[in-house]
Amino acid sequence: EAGVTQFPSHSVIEKGQTVTLRCDPISGHDNLYWYRRVMGKEIKFLLHFVKESKQDESGMPNNRFLAERTGGTYSTLKVQPAELEDSGVYFCASNPSGSYEQYFGPGTRLTVT
Amino acid sequence: AQSVTQPDIHITVSEGASLELRCNYSYGATPYLFWYVQSPGQGLQLLLKYFSGDTLVQGIKGFEAEFKRSQSSFNLRKPSVHWSDAAEYFCAVGALPPGYSTLTFGKGTMLLVSP
């Protein structure tokens, strides 16, 4: 069974540009989570999807971030326009309903210059 | 709000020596506790978890952790460290209900293993 995959693994963009990160959860997992780790800080929750609906987006830093999960399958996280402080590693995780364990992807390292 | 403290940013241990990584949490109810490990270039891998029952939990790769409610701690231990254990370790707490819970992480502890 394939694990959680994320694309791209690295992205380097200039301030003001747009970047879209993609996450493919494990097949059949209704829950999908986005987290972010800024350099030197803890991994922080961004938002949580249940199927295609946003269950909790309390961690989204501002309206430059837009997450979608079309059809309840893969998810995208768009940053527009990117700022320097958006640099970090963006993790995606998924799990089935009622599960305790979250399965994490390898992360996307975003660098904004 | 829940929080997790990992007081050690870096720890260096000799190969074959024992290891203990500290984790303290703050949460108003019985917590769901996790330890994850991230090796270079890899995603976060779950080492072990505590939900209820026996306070000493066994995980993968020879790791164990003990939940101590009185100390609000969930320290990770391994009796003999291998060079392949060099990685970053994260303690996390999850809120109820577990199926919908998000995780709150500590800042991580980087483990270096010396020959």
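Caption draft 1: View of the state of the cysteines. Residue and element names in this part refer to chain A. According to the stated counting rule, one finds two disulfides over all chains in the structure shown. Between C23 and C92 runs a disulfide, and the two sulfur atoms are separated by 1.8 Å. Looking down the S-S bond of the C23 and C92 bridge, the torsion is -65°, so its handedness is left-handed. With C23 in strand β3 (residues 19–24) and C92 in strand β9 (residues 88–95), this pair connects stretches of sequence that are 69 residues apart.

Caption draft 2: Expanded view of the interface of chain A and chain B. Listed per partner, the contact involves 23 residues of chain A and 21 residues of chain B. Buried surface at the junction of chain A and chain B, both sides included, amounts to about 1800 Å², of which 59% is carbon and sulfur. When the buried area of chain A at its contact with chain B is split by residue, A:I43, A:Y100 and A:F104 rank highest and sum to 33% of it. The tally of links from chain A across to chain B stands at one salt bridge. Linking B:E88 and A:R37 is a salt bridge whose minimum nitrogen-to-oxygen distance equals 2.8 Å. Connecting chain A to chain B are four residue pairs in polar contact (both at pLDDT 80 or more). Mapped onto the side of chain A that touches chain B, the elements with two or more residues apiece are β4 (31–37), β5 (43–50), β6 (53–56) and β9 of chain A.

Caption draft 3: Looking closely at the sheet that holds strand β1 (residues 5–7) of chain A. All names here are of chain A. The four strands lie next to each other as β1-β3-β8-β7, forming an open sheet whose pairing is antiparallel. Both outer strands of the open sheet, β1 and β7 (65–68), are each paired with one neighbouring strand and no more. Pairs of neighbouring strands in the sheet enclose a mean axial angle of 15°, with direction left out of account. Two elements, β1 and β3, share three bridges in a ladder whose sense is antiparallel. Bridge pairing in β3 links Q6 to C23.

Caption draft 4: Up close: the nonpolar core. Formed by 26 residues in total, the largest nonpolar core has its most connected members in B:L19, B:W35, B:L47, B:L48, B:F74, B:L76 and B:Y89. At the level of secondary structure, the elements contributing two or more residues to this core comprise β2 (10–14), β3 (19–21), β5 (32–38), β6 (44–50), β8 (64–68), β9 (73–78), β10 (87–94) and β12 (109–114) of chain B. The dominant element in this core, judged by the number of residues it contributes, is β10(B), at four residues. Listed in part, the 21 residues of the second largest apolar core include A:L47, A:M60, A:C92 and A:V112.

Caption draft 5: Fine view of the layout of surface pockets. Roughly 670 Å³ of internal volume is contained in the largest pocket. Every element with two or more residues in the lining of the largest pocket is listed here: β9 and β11 (108–112) of chain A together with β10 of chain B. Ranked by residue count, the leading element in the lining of the largest pocket is β11(A), at four residues. Residue composition of the lining of the largest pocket, grouped by class: ten nonpolar, 13 polar and four charged. When its volume is computed, the second largest pocket comes out at roughly 170 Å³.

Caption draft 6: The side chain of B:D85, seen in detail. Residue and element names in this part refer to chain B. In this structure, D85 sits in the loop between β9 and β10. When its relative accessible area of 4% is taken as the criterion, D85 is described as buried. D85 has contacts with F63, K78, S80, L111 and V113, leaving out every residue within four places of it along the chain.

Caption draft 7: Representation of the pairing of β4(A) in the model. All names here are of chain A. Most of β4 is tucked away, with seven of its seven residues classed as buried. Residues N31, Y33, Y35 and R37 line one face of β4 and the alternating positions L32, W34 and R36 line the opposite face, and both faces are buried. In the sheet, β4 pairs with β5 via seven bridges, with the strands oriented antiparallel. Looking at β5, one finds that Y33 is bridged to H48. What sits between β4 and β5 in their antiparallel hairpin is a turn of five residues, with G40 showing a positive phi close to 80°. With seven bridges joining them, β4 and β9 adopt antiparallel strand pairing. Paired with R37 across the two strands is V89, which belongs to β9.

How each quantity is defined
Residues numbered from 1 in each chain as written. Chains lettered and ligands numbered in written order. Predicted model: local features only at pLDDT ≥ 70, side-chain atom pairs only at ≥ 80, totals over all residues. Heavy atoms only, no water. Disulfide = S-S within 2.5 Å. Helix = DSSP H or I, 4+ residues; strand = E, 2+ residues; numbered from the N terminus. Contact = heavy atoms within 4.5 Å. Buried area = accessible area lost by both parts, 1.4 Å probe. Salt bridge = Lys/Arg side-chain N within 4 Å of Asp/Glu carboxyl O. Polar contact = N/O pair within 3.5 Å; in protein donor to acceptor, adjacent residues only side chain to side chain. Pairing = 2+ DSSP bridges. Axes fitted to C-alpha atoms, helices over the stretch in contact; angles between N-to-C directions. Core = buried A, V, L, I, M, F, W, Y, C linked by side-chain atoms within 4.5 Å. Buried < 20%, exposed > 50% of the residue type's maximum accessible area, 1.4 Å probe, protein only. 1 Å grid on protein atoms, 1.4 Å probe; cavity = no way out; pocket = protein on both sides within 12 Å on 5 of 7 lines; lining within 4 Å. Points joined across faces, edges and corners; volume = space filled by probe spheres on them. Nonpolar A, V, L, I, M, F, W, Y, C, P; charged D, E, K, R; others polar.

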